[in-house]
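Here's the letter readout for the chains.
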Amino acid sequence: MRDDTQGYQYRAAFGAWINDMRTEPLPLENWPAPQFDDATLEGIGRALDVQAEAGFNLLDVWGLFATYGWPPDLKSALTDERRRRIHQVLDAAHQRGVGLVLGMGVYSWGYDRIIEADPGVRGKNPDGSPHPHAMCDANPKAFDYVTRILDFVLEQFDFDGVHLESCDLGCCMCPECAGGQGKVAYNVQLNRKTADYLRGRWPDKILYVIPISWIPPLTHFDAEQKASIVELSGHIDCFMDQGHRGTMVAPAERPEFIKNLDCAYGTSGGIWLYPDARWDRTGYFLPYPRRTGAAIREHYDDGARGCMFYQGPMINPGTEINVAVGGLMLRDPHRNVEEALAEALDHYYRPKTDAVRRKLVEIFQLGEEGYFGQWVEQRFLDAHHAPAPGEFMFDCHLFGTCPGPAAYLHEPFLDTAGRVAYGQALQEILRQVDALPPGAADAERLSRIRRSVIVTLMLLNTVAYGKGENQVMGW
Ligand SMILES: [Zn+2]
């Protein structure tokens, strides 16, 4: 694993799931898509190329073994073919100097079939009803299942780290678990004992914890919760306060909080698209290097040294450049973002002249400002009772069995004026791409920009048409 003294220490490309980086869509597959086939491998390999070139030193990926449910015997999760492919991902990462991080559910994510076969470990909802996904820590057998999975995986595969996640699908709310001690203290307890187990057996693995769903949106950790996390910090390498809807540590308190930790603190770079694998993979153009670059610098100045930077299909022109610039900024958070963007564009688009390079920078900035420049914080507070993303998606949630609507072109993301402005920016991008002389830059990548912008304009205009905005849209 490469390690730089300057910049962020834990530069994790966050998959998140194996098929999120896939080049071809899986249009009818619910999230998270479970298959692990040659196309999955191809997408991961392509993403690893960009990640390694940008300077990421970790790839954190979920779903190599299971999604919702490990089989109770564990070993039947691994066909010979799957075993071979996991080794291929490990080899591909290590050949590029990137460490592989195991996405590991702690008491939830991966236990549905175990809970079904052994109902005594099933957790409870606040009303006492059975929890669909989480185990209950009051039953000591629950922790045995966690350690059995870790033994099974780490005795056979050379992962470089483990991402522990205990509450994304909720946690047990019985009086002996989170119902009694509160979600933060309970989740700290689960992660601490899992981390201690890992440290005891594999002291060199990088361990990090993410607090997703530990507290509700619009709230921050209070003093007692922060003290509990400081205690956890002695057992792990990094606490990843990602920031799906703002970070859970209040931004004003971040520098002081980080100083008290015995481990590193990380975020996810301020803003990210979670790309739905059902969608056309080049059907959107959402570069955001200026925004992530600013967040990476700000969080670094507060003391952050870890980042889980979200990935996607590298065939998408916005995704490829977001990841490339994100990696460059993580290595050198104070560099000029526009320069990092120009460097990434140089590398992938091979512009023939300085004028073409400047034009490409302008095209990506137009894509970013044209869309994100229309977001208004108050619209998100009114509609979602949460701050502006953080994490956003095309259709606001990940579930479904066909490609969903382009809700990200609808309120609260864009209002009428926002759609008008974004439509104009997209048309300007097309004019600028088409004005480039033949052979000015990588033709295939330019055609992907064109296609992603044309599809976006069609979707944008369809939303506007459905809302009766024909007049203002100018068609
Ligand atoms: Zn319980």
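This text follows the structure it describes.
Conventions used here
Residues numbered from 1 in each chain as written. Predicted model: local features only at pLDDT ≥ 70, side-chain atom pairs only at ≥ 80, totals over all residues. Heavy atoms only, no water. Axes fitted to C-alpha atoms, helices over the stretch in contact; angles between N-to-C directions. Helix = DSSP H or I, 4+ residues; strand = E, 2+ residues; numbered from the N terminus. Parallel < 35°, antiparallel > 145°, perpendicular 65-115°, else oblique. Left-handed = near helix turned anticlockwise from the far one by under 90°. Contact = heavy atoms within 4.5 Å. Nonpolar A, V, L, I, M, F, W, Y, C, P; charged D, E, K, R; others polar. Donors = N, O, S within 2.8 Å, 3.2 Å for Na, K, Ca; no water. Tetrahedral: all angles 85-135°; square planar, octahedral: opposite > 155°, others 65-115°. Buried < 20%, exposed > 50% of the residue type's maximum accessible area, 1.4 Å probe, protein only. 1 Å grid on protein atoms, 1.4 Å probe; cavity = no way out; pocket = protein on both sides within 12 Å on 5 of 7 lines; lining within 4 Å. Points joined across faces, edges and corners; volume = space filled by probe spheres on them. Domains from an automatic or database assignment.

S.K.: Would you mind showing me how to read the packing of helix α1 (residues 38-54) against helix α10 (residues 317-331) here?
M.R.: Two quantities define a packed helix pair, namely the angle between the helix axes and the distance between the axes. Running from N to C, α1 and α10 cross one another at 30 degrees; their axes reach a closest spacing of 8 Å. Taken as axis vectors, α1 and α10 run roughly parallel relative to one another. As α1 packs across α10, the resulting crossing turns out to be right-handed. Mapping the contact onto sequence places Val50, Gln51 and Ala54 in α1 and Glu320, Val323, Ala324, Gly327, Leu328 and Arg331 in α10. Of the residues assigned to the contact of α1 with α10, the class counts are 5 nonpolar, 2 polar and 2 charged.

S.K.: Sorry if this is basic, but what is going on with the coordination of the zinc ion here?
M.R.: Ideal values differ by geometry: the angle at a metal is 109.5 degrees with four tetrahedral donors, but 90 or 180 degrees with six octahedral donors. Those donors, Cys136 (SG), Cys172 (SG), Cys174 (SG) and Cys177 (SG), are the protein atoms that reach the zinc ion, and they lie 2.3 to 2.4 Å from it. Taken together, the 4 donor atoms surrounding the zinc ion define angles of 104 to 114 degrees at the centre, an arrangement classified as tetrahedral. Motif for the zinc ion, donor spacing along one chain: C-x35-C-x1-C-x2-C. Of this pair, cysteine 136 sits in the loop between β5 (130-135) and α4 (140-154) while cysteine 177 sits in the loop between β6 (161-165) and α5 (178-181), placing them 41 residues apart in sequence. Cysteine 177 matches cysteine 136 in its accessibility class, with the two residues each being buried.

S.K.: When you look at the layout of surface pockets in this model, what are you seeing that I'm missing?
M.R.: Over the atoms a probe the size of a water molecule is rolled, and this reveals where empty space is left. The volume enclosed by the largest pocket comes to roughly 990 Å³. Surrounding the largest pocket, 43 residues form its lining, Asp168, Ile212, His244, Glu391 and Met393 being those nearest its centre. Residue assignment for the lining of the largest pocket shows that the elements contributing at least two residues are β1 (10-17) and β12 (391-392). Shared between two domains, the lining of the largest pocket takes at least three residues from each, and those domains are domain 1 (10-335) and domain 2 (354-473). Considered as a void within the structure, the second largest pocket measures approximately 450 Å³ in volume. Gly270, Ile271, Ala388, Pro389 and Gly390 are the residues nearest the centre of the second largest pocket, which is lined by 23 residues in total. Here the element with the most residues in the lining of the second largest pocket is helix α9 (residues 289-302); it accounts for 5 residues. Taken together, the residues of the lining of the second largest pocket sort by class into 10 nonpolar, 8 polar and 5 charged. The residue makeup of the lining of the second largest pocket includes at least three contributed by each of domain 1 (10-335) and domain 2 (354-473).

S.K.: I would appreciate a short explanation of unusual backbone geometry in the present structure.
M.R.: Residues other than glycine predominantly adopt negative phi, and peptide bonds predominantly adopt the trans conformation. Cis geometry marks the peptide bond from tryptophan 31 to proline 32, where omega comes out at -10 degrees. By the element assignment, proline 32 lies in the loop between β1 and α1. Looking along the chain, the bond that leaves glutamate 411 and enters proline 412 is cis, with omega of 5 degrees. In this structure, proline 412 sits in the loop between β12 and α14 (416-435). One non-glycine residue, tryptophan 109, lies in the positive phi region at around 70 degrees. Take tryptophan 109: it is sitting in the loop between β3 (99-105) and α3 (112-117). With relative accessibility at 4%, the residue tryptophan 109 sits in the buried group.

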